[in-house]
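# Structural features, examined
Listed here are the chains, written in short residue letters.
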Amino acid sequence: MERTFFHGGKRWWPPRLLLFAALAWLLMVYLHLAVFHSPPVTAPPHASSLVAAVASSDREDGRRFLLRQQEQLKKIAALPAEDEQRRLPRGDEETCRGRYVYMHDLPPRFNADIIRNCRKTEDHWADMCRFLRNAGLGRPLADRIDGVIKSEAGWYDTHQFALDAIFHNRMKQYECLTTDSSKASAVFVPFYAGFDFVRYHWGYDNATRDAASYDLTNWLMSQPEWRRMGGRDHFLVAGRTGWDFRRSNNVDPDWGNDLLVMPAGRNMSVLVLESAMLHGNDYPVPYPTYFHPRSDADVLRWQDRVRSQRRTWLMAFVGAPRPDVPINIRVRDHVIAQCKASTTACTMLGCARATGSTQCHTPGNIMRLFQKTIFCLQPPGDTCTRRSAFDSMVAGCIPVFFHTGSAYKQYRWHLPGDHHRYSVYIPDADVRQRNVSIEAVLRAIPPATVERMREEVIRLIPRVLYADPRSKLETVKDAVDIAIDGILGTVARIRNGEYVDSGGPVTEDPPNLFSSTESVFRQKESSVQTDR
Ligand SMILES: *[C@@H]1O[C@H](CO)[C@@H](O)[C@H](O)[C@H]1NC(C)=O
Ligand SMILES: *[C@@H]1O[C@H](CO)[C@@H](O)[C@H](O)[C@H]1NC(C)=O
Ligand SMILES: *[C@@H]1O[C@H](CO)[C@@H](O)[C@H](O)[C@H]1NC(C)=O
C-alpha cells in the first residue's frame, strides 16, 4: 500500500498495535472511574474559566458559535476522502482530453519588455527588479538573515503583486499545453496586466494607462484563435485586485486602467487576487506566499513541520492600522486594541507605514510568528482580501475573518465552500458595535475542533501556494492547477451557453461596504509595497 499523502502514514500502523492501544485505553478509563471516582471529564478548566470571565452576551455568542461549529464538524466527518487533491501527472492524449491549453506567443512588448524597465524611477514604479528574479519568486530566503525557515527548500521573498510573472512561468510546466490551437479547450494570454498597471499608474493620463490594453486586445482580435468564440475561451492573469482594471466602473474615475471594461477584455476570463464581484469575468486566485515547493516531498515535509509546531499564542495579528478608512468599517482598530489588551494570548507585528517600518514585511518574522500561533486575525485593510490570510494558512495558523468578502465570497475554486472547516468567522459589526471579545470566541472552541480545523488548513496548503515554476510537483495540485480546472470548467459552461452575458458567475450581494469606499482605501495604497 502506498503511503497516503494526507494521512501522514498512519495507515501503516499494524492493526494489532491499534487493538492493543484501544485495550490499554479502556483499562485506563476503567481504573480511572472505578478507583478514583473522578467526575466525568468536561471542557478543560482554562477554556471554561475564560468563557465565564466575559459578559453573558458574549458567552451566548461563544456557545452559539460552538454549536454551529459542532454541526459543521459532524458533516465533515461524513465526507469522503478527497481525491481532487491530486493531479493526473501524464501529459498524454488520454489524460489531456478536454484539458489542452494553447499559450499565445505574444510579442515581447506585452510581457518581457514591461518588466525590463523594473528599476525605480521618479514617477514610475518602485524597484521591482529584485522581486522579478527567479522566475518571479524574488530573492531566496537565506537562513541567517531570514530566520525561521531553516533547512527548508523553496522559500523566497515573493512580492504580493508578482503573480503575472509567476503564473506565466508556471504555465510553461502545465502538462497539457498544446501548440495546436484547434485542439485547445482554452487559450492563455501571457500579458503582464498587473505590471502594466503599476508602471503607468502614478501621474499618467487615461490614454497612456490604457495603451497596452488596447494594443493587446487589437492584437488578440486579429488572431484566428479569437474568432472561434469571440475570445471567450481566452484567459489571462492580472495579479492585482479587479478594481485596478475597471476605471470606468470605479467610484474613483482616476484609478487604474480599463482592461476589464473594454469589449474584448469583457469576453476573456481574468484571474485576479480579489474579484470586484460586479457580476464580471474576473476570478480570484490566492495571493502568492513565500513558499514555492519544487516537489511533492517539499510540500509533505512542510505539512509535517507545521503539524508538529508547538503553538504558544492563541492569536496573532500582522499589519498596520488603517486610519483613513471610514470609522463605520474600521474593524482593524478594534482588532489591534483587543490584541494589545490581551498580552498573554495575542501577539502582533506592527508596521506603521509612515515610519517605513520593515518589521511586518520581513518574511522570516511573519512566518515564525504564524507558526507559533493557533489563530491568525485577518481584518480587511486596503481592500477586503489580504495576502496575510494565505501566509497564515501556509503556516498552519487558522485564519479568523471579519468580512465574508475576505475569503468566502472570493476563493471559491481554492477554498472549501463550507468555511467552518478551515476558518473562524466573527462578523465585524459584532466586534465594532457589540464589543464581542475575539479572545473569548476563540477560547470557546474546543481543542478537538481546533485540531480538526488546523488539519483542514494543513490539507489546503498545496492548493493555496504556487509551486516553483522552474520545476514541477509530481502529483500534488497547486493553486495554478486548481485555477486551470476552474477556467476549463468556466469555458465549458460558456460553450454550453450557460452564461448569457460576459462570462463570470453571478455572485449574490457584492460587498457594498467596500465598493463604495474602495477608492478611499486604494488612494492610500503605495504602488508596490503594501502591508501584507
Ligand atoms: C479618465 O477616465 C475616466 C473613466 O474611465 C473618466 O471618468 C475621466 O474623466 C477620464 N479622465 C480624463 C482626464 O479624461
Ligand atoms: C464577445 O463575445 C460575443 C459572444 O460570443 C461576440 O458576439 C462578440 O463579438 C465578442 N466581442 C468581441 C470584441 O470580440
Ligand atoms: C469592551 O470589553 C472590554 C472587556 O471585554 C472592556 O474592557 C472595554 O471597556 C469594553 N469597551 C467598550 C467600549 O465597552
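Residues numbered from 1 in each chain as written. Chains lettered and ligands numbered in written order. Predicted model: local features only at pLDDT ≥ 70, side-chain atom pairs only at ≥ 80, totals over all residues. Heavy atoms only, no water.

Worth spelling out the cut-off: UniProt positions are given in the numbering used here, feature names are shortened, and annotations may be inferred rather than shown by experiment.
With an unreviewed UniProt entry as reference, the protein is termed Exostosin GT47 domain-containing protein, source organism Digitaria exilis. Reading the Sequence similarities (unreviewed entry) entry of the UniProt record for the protein gives the comment "Belongs to the glycosyltransferase 47 family." The UniProt entry for the protein carries the following comment under Subcellular location (unreviewed entry): "Golgi apparatus membrane".

### A short note on the packing of helix α8 (residues 163–171) against helix α20 (residues 479–495)
Definition in use: Axes here mean lines fitted to C-alpha atoms, for a helix over just the part in contact, with angles spanning 0 to 180 degrees between N-to-C directions. Starting at the N terminus, helices and strands are each numbered in turn, a helix being any DSSP run of H or I of at least four residues and a strand any DSSP run of E of at least two. In these notes the angle categories are as follows: under 35 degrees is roughly parallel, over 145 is roughly antiparallel, 65 to 115 is roughly perpendicular, and the rest is oblique. Contacts are residue-level and defined by heavy atoms, with any inter-residue pair within 4.5 Å sufficient. Ten residue types, Ala, Val, Leu, Ile, Met, Phe, Trp, Tyr, Cys and Pro, are classed as nonpolar, four, Asp, Glu, Lys and Arg, as charged, and the remainder, Gly among them, as polar.
Two elements in contact, α8 and α20, have axes separated by 11 Å at closest approach and are oriented at 80°. As judged from the angle between their axes, α8 and α20 are roughly perpendicular. Of the residues in α20, those in contact with Phe167, Arg170 and Met171 of α8 are Val480, Asp481, Ala483 and Ile484. Across the contact of α8 with α20, the residue classes tally to 5 nonpolar, no polar and 2 charged.

### Structural notes on the site of ligand 2
How we decide: Being near a molecule or strand, for a residue, comes down to having at least one heavy atom within 4 Å of it. Nitrogen and oxygen atoms within 3.5 Å of one another constitute a polar contact, given that in protein one can donate a hydrogen and the other can accept it, and given that sequence-neighbouring residues count only through two side-chain atoms. Here, Shrake-Rupley sampling with a 1.4 Å probe gives the accessible areas, and only protein chains in the shown set may cover a residue.
The local shell around ligand 2 consists of Met221, Trp226, Met229, Gly230, Arg232, Ala264 and Asn267. Within the side chain of Trp226, one N or O atom sits 2.9 Å away from an oxygen atom of ligand 2. Protein contact buries 49% of the 360 Å² of open area that ligand 2 shows by itself. Grouping the constituent residues of the shell around ligand 2 by class yields 4 nonpolar, 2 polar and 1 charged.

### Considering the nonpolar core
What counts, and what does not: Only buried residues count toward a nonpolar core, which is a set of Ala, Val, Leu, Ile, Met, Phe, Trp, Tyr and Cys residues joined through side-chain atoms within 4.5 Å. The buried label applies to any residue whose accessible area, calculated with a 1.4 Å probe on protein chains only, is under 20% of its type's maximum; exposed applies above 50%, and partly exposed to all values in between. Segment limits for the domains were obtained from an automatic or database-derived domain assignment.
By size, the foremost hydrophobic cluster in this structure holds 90 residues, and its most contacted members are Phe167, Met171, Phe375, Leu377 and Leu442. Ranked by the residues each element gives to this core, the list is headed by α20, at 8 residues. Shared between two domains, this core holds at least three residues of each, these being domain 1 (94–284) and domain 2 (309–464). Not counting chain neighbours up to four residues away, the residues in contact with Phe375 comprise Leu314, Met315, Ala316, Cys397, Ile398, Val400, Val424, Leu442, Ile445 and Val450. In terms of nonpolar packing, the next biggest core, distinct from the first, is built from 32 residues, Leu132, Val189, Phe197 and Phe245 among them.

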